[in-house]
Amino acid sequence: MSMENITNNADGRFRTISAVLILLTRNGKNGTEYLLQKRQNTGFADGMWDFSASGHVEKDEPMSKTVCREAKEEIGIDVLPQDIEFMGLLHSFGDGEPRFLGCFRVMRYTGDIKIGEPDKVAELKWFNENALPDEMIESRKVVLERFKKDGVFYQEYGWRE
């Protein structure tokens, strides 16, 4: 399938992929901690640490619903829309196709965290916000740095001038 078929609709207008990045956070002994997943067998950033969960927005689905659905599918927890905090929007061109990534933080949820897609996630691990792994996806580091510095943000990443 050509990229034109994926990104253009019948009237020829360009469509951009939309996805969510979900970051579980907690208060640890030495400050804020983030739950990260180590990717595998996905074809994108395999072997790298990523946010807790992520996923594509489905047709007729708002990002808040995507967060709840993906959190359940990927890490086995239930998240209510009122427990989601919008961190910002990343307009990315890092993997060859432009996409909008809605970044959300979750501090409250129910259920036990577990790997829901063991074929795609090698490991889940909590990291202190000041001791992130070197093998973390660069755009995710940018998101965290920007949010810590400015709060809610809009960031462009991976575009060439």
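Our structure's up above, just so we're on the same page.
Bear in mind the structure is a predicted one, so any value in this text is a computation, not a measurement. In this numbering scheme, every chain counts its residues from 1 along its sequence in written order. For this predicted model, a pLDDT threshold of at least 70 governs which residues receive local features, and a threshold of 80 or more governs which side-chain atom pairs are given and counted, while totals over whole chains, interfaces and linings are taken from all residues. Note that water and hydrogens are dropped before the side-chain values are worked out from all heavy atoms of the structure.

As a further point, take the overall build of the protein chain. Summing up its helical and strand segments, the protein chain has 3 helices and 8 strands in all. Secondary structure is summarised from DSSP: a helix means a run of H or I of at least four residues, a strand means a run of E of at least two, and numbering begins at the N terminus for each. In the protein chain, the order of α-helices and β-strands from amino to carboxyl end is α-β-β-β-β-α-β-β-β-α-β. The C-alpha atoms of the protein chain give 16 Å as radius of gyration, which agrees with the globular expectation for 161 residues (15 Å, within 12%). Each principal axis of the C-alpha distribution contributes one length, and for the protein chain these read about 55 × 35 × 30 Å. Here the protein chain holds 161 residues, and the buried ones make up 39% of them. Contacts are residue-level and defined by heavy atoms, with any inter-residue pair within 4.5 Å sufficient. Considering only intrachain contacts with a sequence separation of at least 6, the fraction spanning at least 24 residues in the protein chain is 63%. All accessibility values rest on the Shrake-Rupley procedure with a 1.4 Å probe; residue burial counts only the protein chains present in the view. Here the protein chain has roughly 9,200 Å² of accessible surface; of this, 47% comes from carbon and sulfur atoms. Only the C-alpha atoms count toward the radius of gyration. The rule for a globule is 2.2 Å times the residue count to the power 0.38. For each residue, the accessible area found with a 1.4 Å probe, counting protein chains only, is set against the maximum for its type, and the residue is called buried under 20%, exposed over 50%, and partly exposed in between.

Okay, the environment of Arg140 next. Of note, Arg140 is situated in helix α3 (residues 138–150). For the pair formed by Arg140 and Asn27, sequence separation is 113 residues and the distance between their alpha carbons is 20 Å. Not counting residues up to four positions away in its chain, the partners in contact with Arg140 are Leu21, Phe44, Asp50, Phe51 and Leu101. Here Asp50 takes part through its side chain, which lies 2.8 Å from a polar atom of the side chain of Arg140. Polar contacts, as counted here, are pairs of nitrogen or oxygen atoms within 3.5 Å of one another; within protein the pair requires one atom able to donate a hydrogen and one able to accept it, and residues that are adjacent in sequence qualify only if both atoms are side-chain atoms.

An α-helix turns once per 3.6 residues; consequently, residues spaced three or four apart project the same way. For a helix, the expected span equals 1.5 Å multiplied by the number of residues minus one. Its 13 residues place the ends of helix α2 (residues 63–75) 17 Å apart at the C-alpha level, agreeing with the 18 Å of an ideal helix rising 1.5 Å per residue. In this structure, the buried residues of α2 make contact with β1 (17–28), β2 (31–39), β4 (53–56), β5 (84–92), β6 (99–106) and β7 (121–128). Where α2 terminates, the next one or two residues include Gly76, which has phi positive at roughly 70°.

For α3, which comprises 13 residues, the first-to-last C-alpha distance of 18 Å matches the rise-based estimate of 18 Å (1.5 Å per residue) to within 8%. Those residues of α3 not exposed but buried are Ser139, Arg140, Lys141, Val142, Val143, Leu144 and Phe147. Those residues of α3 hidden inside the fold are in contact with β1, β2, β3 (49–50), β5, β6 and β8 (153–157). One or two residues past the end of α3 sits Gly151, with phi positive at roughly 80°.

Counting 17 residues, the largest nonpolar core has Leu23, Leu36, Phe51, Met87, Cys103, Val143 and Leu144 as the members making the most contacts within it. Secondary structure elements with two or more residues in this core: β1, β2, β5, β6 and α3. Excluding residues that lie within four positions of it along the chain, Phe51 makes contacts with Leu21, Ile22, Leu23, Leu35, Leu36, Gln37, Met136, Arg140, Val143 and Leu144. Among buried residues, those of type Ala, Val, Leu, Ile, Met, Phe, Trp, Tyr and Cys that are joined through side-chain atoms within 4.5 Å constitute a nonpolar core. Core analysis: the second largest hydrophobic core is formed by 14 residues, Ala53, Ile75, Val79 and Phe104 among them.

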